[in-house]
Protein chains: 2
Amino acid sequence: MRWEPGARERLQESALELFARNGFDQTTTAEIARSVGLTERTFFRHFSDKREVLFYGQQELVRVFLEGIEAAPAGLTPLEVVAASVQSAAAFFPDERRSFSRTRQTVIEQNPALQERELHKMGALSEVMGQSLRARGVTEPAATLAAESAITVFGVAFAQWISEGELRSFADIAADVFRELVSLTGTATSL
Amino acid sequence: MRWEPGARERLQESALELFARNGFDQTTTAEIARSVGLTERTFFRHFSDKREVLFYGQQELVRVFLEGIEAAPAGLTPLEVVAASVQSAAAFFPDERRSFSRTRQTVIEQNPALQERELHKMGALSEVMGQSLRARGVTEPAATLAAESAITVFGVAFAQWISEGELRSFADIAADVFRELVSLTGTATSL
DNA sequence: GTCTATAGTGCGATAGAC
DNA sequence: GTCTATCGCACTATAGAC
């Protein structure tokens, strides 16, 4: 057989390992490709750029977020809808995944270019969530504010979830953070 | 005189022009440097990478945000503090600047790499705001949530401010968006 | 200020799956 | 035959090293 199946997955797995061991900048795309028996050119067939090898596959996460919005019963407020969406996305972060997520996040945090890519992905997620809310009839700027708030809560909850010694489930943490957000804005009177 | 002063500013101005006219990817760093009588090497002495030429100088914006937080009277809620901070940052966006901001934003929106850099800058701003809030005694996760909410409101307000036909001041728009955020979270009951 | 490694592109060739 | 994955090669621009 000329090529083993699952080239993309093998590249992703090996890349994370190499980045974690030697650093992102110190790892060349040719090296990643070679490590799984492929050439650099093939690497770039699968990933538009070097960073993307760490992010490819997040469409699934986006899908889960959107399903959460679409499944939410009518009559909920926009913030309640996105809270349901984050809860639905929690399925993506079972406890078995904590260790993998920690490794990946460590790599990302050590490189500004990777942080930029991550923020961009989160921004894109926020945008499609906003669209989905508008499709439900939520008007602007409420739709964008709710979507961005969801991403904020998600980010804070995720950071907590992978922090040293944390044992609660992602879903539990996210619910707590949502309550914090509501109480935060609820106490503001002079606006 | 061996070199004209203001090299950095001239590079920034000319770069924006070239990007707007010919596109970001189609403009090389050598071209930008040549356009103001400098060499590519000098370009990279002023800016750590090509994208940075559009973002250098935003420390001032950060400074204004932080001053707004520090100047806020004790006793305000965290969200009220960051609202004051955004109002103080509004000084950065007088009506005369709308046209420049529109051009710049058009360039950024046409290039994913530039969007990434912008999001990263906003993320950095959010982080220092969070720090400043914690220095005031705001605890986690409230500090991070308030800072992120401020960035969200800022972003929504900015987009509205540069939109076609908008005439209100940045400060007025931002105040409205803040009220929208509060009413959004205020109506959520099932959390 | 010069030199160089690496990222990333464009185009064409080849090999296998169907 | 078509379609898709892979490879080879030449090339430019960025960015960092010297």
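The model shown is predicted, which means the values in this text are computed figures rather than measured ones.

A. How the structure looks around the pattern of salt bridges. In total, this model carries 24 salt bridges over all chains according to the counting rule given. One salt bridge in this structure joins A:Arg21 and A:Glu17, with 3.9 Å as the shortest N-O distance. Here A:Glu17 and A:Arg21 lie together in helix H1 (residues 7–22), a separation of four residues that amounts to about one turn. The closest approach of N and O atoms between A:Arg98 and A:Asp95, which form a salt bridge, is 3.0 Å. On the basis of relative accessibility, which here comes to 44%, the residue A:Asp95 falls in the partly exposed class. Salt bridges here are not isolated pairs; linked through shared partners, they connect A:Asp49, A:Arg51, A:Glu52, A:Arg117, A:Lys121 and B:Glu116.

B. The environment of A:Arg134, seen in detail. All names here are of chain A. On the secondary structure map, Arg134 appears in helix H7 (residues 112–135). Sequence-wise, Arg134 and Thr144 are 10 residues apart; in three dimensions their C-alpha atoms are separated by 8.8 Å. Apart from residues lying up to four places away in sequence, Arg134 is in contact with Glu127, Glu140, Ala143 and Thr144.

C. Local environment of the side chain of B:Ser85. Along the chain, B:Ser85 turns up in helix H5 (residues 78–89). The residues touching B:Ser85, leaving out its near neighbours within four places in the chain, are B:Phe65, B:Gly68, B:Ile69 and B:Met129.

D. Just the interface of chain B and chain A, in detail. Taken together, the contact pairs 33 residues of chain B with 33 residues of chain A. Note on chain B versus chain A: buried area summed over both sides is about 3200 Å², and carbon and sulfur give 69% of it. In this assembly, chain B and chain A are joined by four salt bridges. The salt bridge partner of A:Glu116 is B:Arg51, with a shortest N-O separation of 2.6 Å. Seen at the junction of chain B and chain A, the total is seven residue pairs in polar contact (both at pLDDT 80 or more). Looking at the side of chain B that touches chain A, the elements with two or more residues in it are H5, helix H7 (112–135), helix H8 (142–161) and helix H9 (170–186) of chain B. By residue number, the principal contributor to the side of chain B that touches chain A is H8(B), which donates eight residues. Residues that form the side of chain B that touches chain A fall into these classes: 16 nonpolar, 10 polar and seven charged.

E. Summary view of H5(B). Given a rise of 1.5 Å per residue, 12 residues ought to cover 16 Å, and the 17 Å separating the end C-alpha atoms of H5(B) matches this to within 8%. A large share of H5(B) lies buried, amounting to nine of its 12 residues. Considered for burial, the residues of H5(B) that qualify are B:Pro78, B:Leu79, B:Glu80, B:Val81, B:Val82, B:Ala83, B:Ser85, B:Val86 and B:Ala89. Buried-residue contacts for H5(B) involve helix H9 (170–186) of chain A together with helix H4 (59–71), H7, H8 and H9 of chain B.

F. Structural context of the protein's contact with DNA strand D. Among the 18 residues in the neighbourhood of DNA strand D, the closest are listed as A:Thr39, A:Thr42, A:Arg45, A:His46 and B:Lys50. Per the 4 Å cut-off to the protein, sugar and phosphate atoms form 70% of the nearby atoms of DNA strand D. A distance of 2.8 Å separates a phosphate oxygen of DNA strand D from a polar side-chain atom of A:Thr42. One nitrogen or oxygen atom from the side chain of B:Thr29 is found 2.9 Å from a phosphate oxygen belonging to DNA strand D. Broken down by secondary-structure element, the contributors of at least two residues to the surface near DNA strand D are helix H3 (40–46) of chain A together with helix H3 (40–46) of chain B. Considering each element in turn, the surface near DNA strand D owes the most residues, four residues, to H3(A). Looking at the surface near DNA strand D residue by residue, the class counts come to four nonpolar, seven polar and seven charged.

G. Spatial organisation of the nonpolar core. Among the nonpolar cores identified, the biggest contains 82 residues, and A:Met129, A:Leu133, A:Phe170, B:Met129, B:Leu133 and B:Phe170 are the most heavily contacted of them. Filtering out sequence-adjacent residues up to four positions away, A:Phe170 remains in contact with A:Val86, A:Ala90, A:Phe93, A:Phe154, A:Ala157, A:Phe158 and A:Trp161. Within the second largest apolar cluster, 19 residues are counted, among which are A:Ala7, A:Phe24, A:Val36 and A:Phe43.

H. How the structure looks around the relation of the copies chain B and chain A. Of the transformation superimposing chain B on chain A, the axial component is 0.0 Å and the angular component is 180°, with the fit at an RMSD of 0.1 Å. On this basis, the relationship between the two copies can be described by a two-fold rotation axis. Closest approach to the rotation axis within chain B is made by the C-alpha atom of B:Glu116, at a distance of 2.5 Å. Here 100% of the contact residues of chain B are again contact residues in chain A; the copies associate through an equivalent surface.

I. Expanded view of the packing of aromatic side chains. In the structure shown here, the tally under the stated rule is 28 aromatic pairs over all chains. Ring centres of A:Phe93 and A:Phe158 lie 5.6 Å apart, and the angle between their planes is 65°; on these two criteria the pair is classed as edge-to-face. You can see A:Phe93 sitting in the loop between helix H5 (78–89) and helix H6 (98–109) and its partner A:Phe158 sitting in helix H8 (residues 142–161), a full 65 residues away along the chain. Exposure remark for A:Phe93: the relative accessible area of 8% places this residue in the buried category. Arranged with centres 5.4 Å apart and planes meeting at 55°, the rings of B:Phe43 and B:Phe47 form a pair that is tilted. Exposure remark for B:Phe47: the relative accessible area of 1% places this residue in the buried category. Taken together, A:Phe65, A:Phe92, A:Phe93, A:Phe154, A:Phe158, A:Trp161 and A:Phe170 form an aromatic cluster joined through their ring pairs. Sitting above the plane of the A:Phe55 ring, A:Arg104 keeps its charged end 5.1 Å from the centroid.

J. Region of interest: H6(A). Across its 12 residues, H6(A) extends 16 Å between first and last C-alpha, which sits within 8% of the 16 Å expected from 1.5 Å per residue. Among the residues of H6(A), those classed as buried are A:Arg98, A:Ser101, A:Arg104, A:Gln105, A:Val107 and A:Ile108.

Criteria and thresholds
- Starting from 1, residues in each chain are numbered consecutively following that chain's sequence as written.
- Whichever chain is written first becomes A and whichever ligand is written first becomes 1, with later ones labelled in order.
- In view of the model being predicted, local features appear only for residues whose pLDDT reaches at least 70, and side-chain atom pairs are presented and counted only at 80 or more, with totals across whole chains, interfaces and linings using the full set of residues.
- As a rule here, side-chain values come from all non-hydrogen atoms in the structure, and water together with hydrogens is ignored.
- Throughout this description, the term salt bridge denotes a Lys or Arg side-chain nitrogen within 4 Å of a carboxyl oxygen of Asp or Glu.
- Numbering of helices and strands runs from the N terminus, with a helix taken as a DSSP run of H or I at least four residues long and a strand as a DSSP run of E at least two residues long.
- Burial status follows relative accessibility: with a 1.4 Å probe on protein chains alone, a residue under 20% of its type maximum counts as buried, one over 50% as exposed, and anything between as partly exposed.
- Contact between two residues is taken to exist if any of their heavy atoms lie within 4.5 Å; hydrogens are not considered.
- In this description, buried area is defined as the sum, over both parts, of the accessible area (probe of 1.4 Å) that is lost when the two are combined.
- Here a polar contact is taken to be a pair of N or O atoms separated by no more than 3.5 Å, where protein atoms must pair a possible hydrogen donor with a possible acceptor and residues adjacent in sequence count only if both atoms sit in side chains.
- When residues are sorted by character, Ala, Val, Leu, Ile, Met, Phe, Trp, Tyr, Cys and Pro go into the nonpolar class, Asp, Glu, Lys and Arg into the charged class, and all the rest, Gly among them, into the polar class.
- A helix is expected to reach a length of 1.5 Å times the quantity of its residues less one.
- When at least one non-hydrogen atom of a residue lies within 4 Å of a molecule or strand, that residue is treated as near it.
- By nonpolar core we mean a set of buried residues, namely Ala, Val, Leu, Ile, Met, Phe, Trp, Tyr and Cys, connected to one another through side-chain atoms within 4.5 Å.
- When the copies are overlaid, the least-squares fit takes in C-alpha atoms only where the residue has pLDDT of at least 70 in both copies.
- What counts as a ring pair is set by centres within 6.5 Å for rings of Phe, Tyr and Trp (its six-membered ring), and what kind of pair is set by the plane angle: stacked under 30 degrees, edge-to-face over 60, tilted for all other angles.
- Two limits define a charge over a ring: the Lys NZ or Arg CZ must be within 6 Å of the ring centre, and within 35 degrees of the ring normal.

All quantities given are derived from atomic positions and should not be read as evidence of function.
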